[in-house]
Amino acid sequence: MRDVIVRLFCVLALTLGFLEFVQAQPTLPTLDYSNPKDFEIGGIKVSGAEFSDDNALVSVAGLKVGDVVKVPGPEISTAIKKLWRLRLFTDVTILQEKTIGEIIFLEIVVEERPRLARYSYKGVKKVTHDDLNDAVSNHLVKGSIVTNNVIANAKNSLKKYYREKGFLDAEIEVNEVKDEKIKNAVRLEFDIDRKERVRIKDINFVGNDNVKPRKLKKQLAETKEKRRIFSSSKFNKPKFEEDKLALINYYNTLGFRDAQITGDSIWRDEDGHLQLDLDIEEGSRYYFRNISWKGNSIYPTKQLSNVLGIEKGDIYNTELLNTRLNFSQDNRDVSSLYMDNGYLFFRVDPIEKAISGDSIDLELRIFEGPQATIDRVTITGNDRTHEHVIRRELRTRPGEKFSRSDIIRSQREIINLGYFNPESLGINTPVNAQRVTVDIDYTVEERPSDQLELSAGWAGQGRGVIGTLGVTFNNFSLRNILNRESWSPLPQGDGQRLSLRAQTNGRFFQSYNVSFTEPWLGGKKPNSFSVTGFYNRFAFGDSDQSNFQKFTIAGLAVGLGTRLKWPDDNFISSTTLSLQNLTLQNWSQGIFRDEFGNRVNTGDFYNFSIQQKFTRTSVNDPIFPRGGSTISLTIALTPPYSLFTDKDYTDLSTQEKFKFLEYRKWRFDAEWYTTIVGKLVLKAQAKVGFVGAYNDEIGISPFERFQLGGDGFANQQFSGYTGVDLISLRGYETSDLENNFLPNGGPESATPIFDKFQIELRYPLSLNPSATIYGLVFVAGGNSFRDFKEFNPFDLKRSVGAGLRAFLPMFGTLGFDYGFGFDKDLPDTGAPSSIFDYGRLSVILGFEPE
């Protein structure tokens, strides 16, 4: 009984305590949803937001302390919707924290979406990760909110990347994994299965009655069939749409102005390959009929029609019409005629006046406008080159009439300086229509132009290693030589050229040369001045021995050049005075022989000559020309000493006969460059040389002849001689050409006549100014001759081959060629000849051989 009373007492005590606790808690009013009540907001707090600013969320919600809102009411619902639209949260709730009379306190409770910690790829090679990162970089940022839309966009971008690569069946799964290190963060793992690349098997055309399918397929530059091993046959939808436009443009050039693609279908065959069908409606072929001009007052109709070059009855070609009216690469267009005369505001609109059957009448309406003059010419980006060096090359000057040809020429001259990146050269022409003036802004980007040569090469048995140290400053400044602040490492910026070079292997060979060129002597006209000095020494044996051999040549040359105005200002005339002293002592290593085979091996010989050279150059880039030409004619003459004396030269020794060299030397060199398609460039080259005599009793000089074959390097120590022009013929050694030997099996010697012809196809692998790299294939032919009776320009030693070039600003041109000579007479060794017996590898160091 006592225990029961105790238990009842305990229960009663607990009940009373609980009731007291409940009474002590604040009482929340019961909300009647059928009868909303107005409350004034007394406070707003935010909970659950770790990465979002509380005040910003309250502002977005549109609730402010002091506002009167209905509870329940639309203000609270609207606030929740606004926060949802941020797409930052997985849950949004607005709670009533408490009320005091007519004042309510609210709490915004949010649950944030996870943040991106990192992402990775699975199922693909690591080498592709950088490309994949670029594809998703616009959607995935570390630390950003991960939403379903973000994941979907990243997934679609990866699929697009693989579709453009031809993997149309690529599958991508995205795994979202909670990150262990970062709170409320996830890792995204893209599991990629790219499947097999889908190839285009066939492209079929329907309705092409006038054009063969083969020609139409050529117009589809990015949409190709799988026909060759290395051909690309992937399907890219955006590229396919561009190719369809190119196809219609091709039809328009053939006169089918109404041609259209009425439909296309893309389907997969049973092997999974793509089949493309294009339905074409060609329409009728049209022709030009009557072409009239309207609005022309500056030039007569006949002159405009001659420039247009389209006759009645020609196929209606809108592409040709626009080219002849607005812009042609060869400046044969009507707009060039006007714009080269200052009519910058010129405009011509072709209007089809009548269409009768298959003929179209055109009216070309011209708005000539006023002549514009050049106001300001500015140059920016020249950090090292002084402005006057660039400005003196410009054809556009303030106050002169605007000329489009002058701008194009100025662009070419800036590039040919070699100091700036041709790919980033910019020209802007802001127009002031009210003043009828135009400003011309040239923007350049400096690139390294100085060259350092540091090399070593094997000179042959008994000669050892030859070391070379050379430096060329192509943008030197002589006037700042005493200004220490301008040294970097030497004063630069005035466009002068200073070259220093030394080669030696000790006793056998030594060579030193220095040259300086000022391209604008006096600074006002393009008159160049150059001075060159050199000393070469070859020696064999000990100087105190009877078999000691030595050959030295020392020379000094001074040249003046000027730019001509006739026939046009692409011509340059240069005159050079040269004095050389050649000393031979028992020299038996060289190829100095007269036309009778007599060796010239001892004595002092003097070569004083005047050289006149005419050059016309219009190349657009000295490193990798893609257009233009360089043509030069060189004439070198010595005084005709023998004509002023009564000596009988038939009784003189070889040493006395050639003590004062006399000769007349002619060289013709030509190179043409043209872009065939895209970046593919064709180079055609021709070289012809001839050395003649004044006096038949003396004959042709044993020096200043030509040596055809081999690499043609100016590093003459590798051959052990000098005093001749070295002309390369890839695929042949000098000993492979029978005309390099004297008749009747005589020894090898240089020849007085040569010719060489060559065609190259070049394709750039990199046009970066820090490393210009291109590959080439070539076809060449050349030969040497002993007199004009033997000369036959069609008697050529033929070769083909391939090579690679890399131009590095600090080292010049590096590369190699492998030439295959077809016309070699191989010695009969009893063993069968292989293809390598006809080939020859050439290595290029620092410069292009002739």
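Residues numbered from 1 in each chain as written. Predicted model: local features only at pLDDT ≥ 70, side-chain atom pairs only at ≥ 80, totals over all residues. Heavy atoms only, no water.

## Let's talk about the overall build of the protein chain
Secondary structure summary: the protein chain contains 13 helices and 35 strands in total. Within the protein chain, buried positions represent 43% of all 850 residues. Total accessible area on the protein chain stands at roughly 45,200 Å², and carbon and sulfur atoms take up 53% of it. (Helix = DSSP H or I, 4+ residues; strand = E, 2+ residues; numbered from the N terminus. Buried < 20%, exposed > 50% of the residue type's maximum accessible area, 1.4 Å probe, protein only. Areas by Shrake-Rupley, 256 points an atom, 1.4 Å probe, with all protein chains shown as cover.)

## Describing the pattern of salt bridges
Under the definition given, this model contains 43 salt bridges. For aspartate 169, the salt bridge is made with arginine 268, and the minimal N-O distance between the two is 2.7 Å. Of this pair, aspartate 169 sits in the loop between helix H5 (148–164) and strand E6 (171–178) while arginine 268 is found in strand E9 (residues 260–268), placing the two residues 99 residues apart along the sequence. For aspartate 179, the salt bridge goes to arginine 187, with nearest N and O atoms at 3.9 Å. By sharing partners, the salt bridges in this structure join Lys665, Arg667, Asp669, Lys687, Glu704 and Asp725 into a single network. (Salt bridge = Lys/Arg side-chain N within 4 Å of Asp/Glu carboxyl O.)

## What to know about a nonpolar patch on the surface
A cluster of nonpolar side chains, Leu577, Leu579, Phe608, Ile610 and Leu637, forms an exposed patch at the surface whose accessible area comes to about 410 Å². At the level of elements, strand E24 (571–585) and strand E25 (603–617) are the ones that each hand at least two residues to the nonpolar patch. Mapped onto the fold, leucine 579 is located in strand E24. Exposure remark for leucine 579: the relative accessible area of 46% places this residue in the partly exposed category. (Patch = residues over 30% accessible without salt bridge, like charges linked within 9 Å, V, L, I, M, F, W, Y side chains within 5 Å.)

## Regarding the packing of helix H2 (residues 54–61) against helix H3 (residues 74–85)
It is the contact of H2 with H3, at a shortest axis distance of 8 Å, that shows an interaxial angle of 125°. Regarding the angle of H2 to H3, the classification is oblique. Across the interface between the two elements, Leu57, Val60 and Ala61 of H2 pack against Ala79, Lys82 and Leu83 of H3. The residue inventory of the contact of H2 with H3, partitioned by class, reads five nonpolar, no polar and one charged. (Axes fitted to C-alpha atoms, helices over the stretch in contact; angles between N-to-C directions. Parallel < 35°, antiparallel > 145°, perpendicular 65-115°, else oblique. Contact = heavy atoms within 4.5 Å. Nonpolar A, V, L, I, M, F, W, Y, C, P; charged D, E, K, R; others polar.)

## Comments concerning helix H9 (residues 318–325)
Residues Leu321, Arg324 and Leu325 constitute the buried set of H9. Angularly, the buried residues of H9 cover 100° about the axis, an arc narrow enough to put them on a single face. Tucked inside the fold, the buried residues of H9 contact strand E11 (287–294), helix H8 (301–308), helix H10 (334–339), strand E12 (347–356) and strand E13 (359–367). (Arc of directions from axis to C-beta.)

## Some remarks on the sheet that holds E11
As a general point, the strands of a sheet are linked pairwise by backbone hydrogen bonds and lie either parallel or antiparallel. One open sheet holds the three strands; their spatial order is E11-E13-E12, and the pairing between them is mixed. For this open sheet the edge positions go to E11 and E12, each flanked by a neighbour on one side alone. This sheet shows a mean twist of 25° between the axes of neighbouring strands, independent of strand direction. Where E12 lies against E13, nine bridges are found, and the strand directions are antiparallel. Bridge assignment links valine 348 to a residue of E13, and that residue is isoleucine 366. Lying on the sheet, H8 is in contact with E11 and E13; it crosses E11 at an angle near 140°. The sheet contacts of H9 involve E11, E12 and E13, and relative to E12 the element is tilted by about 150°. (Pairing = 2+ DSSP bridges.)

## Focus on the packing of helix H4 (residues 129–136) against H5
Between H4 and H5, the shortest axis-to-axis distance is 8 Å and the interhelical angle comes to 130°. Our classification of the angle between H4 and H5 gives oblique. For the pair H4 and H5, the sense of crossing is right-handed. Counting all contacts with H4, which are made through Asp131, Leu132, Ala135 and Val136, the residues of H5 involved are Ala154, Ser157, Leu158, Tyr161 and Tyr162. (Left-handed = near helix turned anticlockwise from the far one by under 90°.)

## Comments concerning empty space enclosed by the protein
Following the criterion strictly, the structure yields two cavities of 30 Å³ or more and no others. A volume near 60 Å³ is recorded for the second largest cavity. Lining the second largest cavity are Asn421, Pro422, Glu423, Arg447, Asp621, Ile623, Phe624, Arg626, Leu767, Pro769 and Thr772. (1 Å grid on protein atoms, 1.4 Å probe; cavity = no way out; pocket = protein on both sides within 12 Å on 5 of 7 lines; lining within 4 Å. Points joined across faces, edges and corners; volume = space filled by probe spheres on them.)

## Thoughts on the sheet that holds strand E10 (residues 274–281)
Pairing is mixed in the open sheet, where three strands are placed in the order E8-E10-E9. Every interior strand has two partners, whereas the edge strands, strand E8 (200–206) and E9, have only one. Neighbour to neighbour, the strand axes of the sheet diverge by 15° on average, direction disregarded. Relative to E9, helix H7 (residues 237–253) is tilted by about 145°, and along the sheet it contacts E8, E9 and E10.

## Things to note about the confidence of the model for the protein chain
Summarising the model, the protein chain shows a mean pLDDT of 84, and 88% of its residues fall at 70 or more. Confidence drops under pLDDT 50 across residues 827–838; counting only partners more than four residues distant or on other chains, this segment forms 13 contacts. (pLDDT = per-residue confidence, 0-100.)

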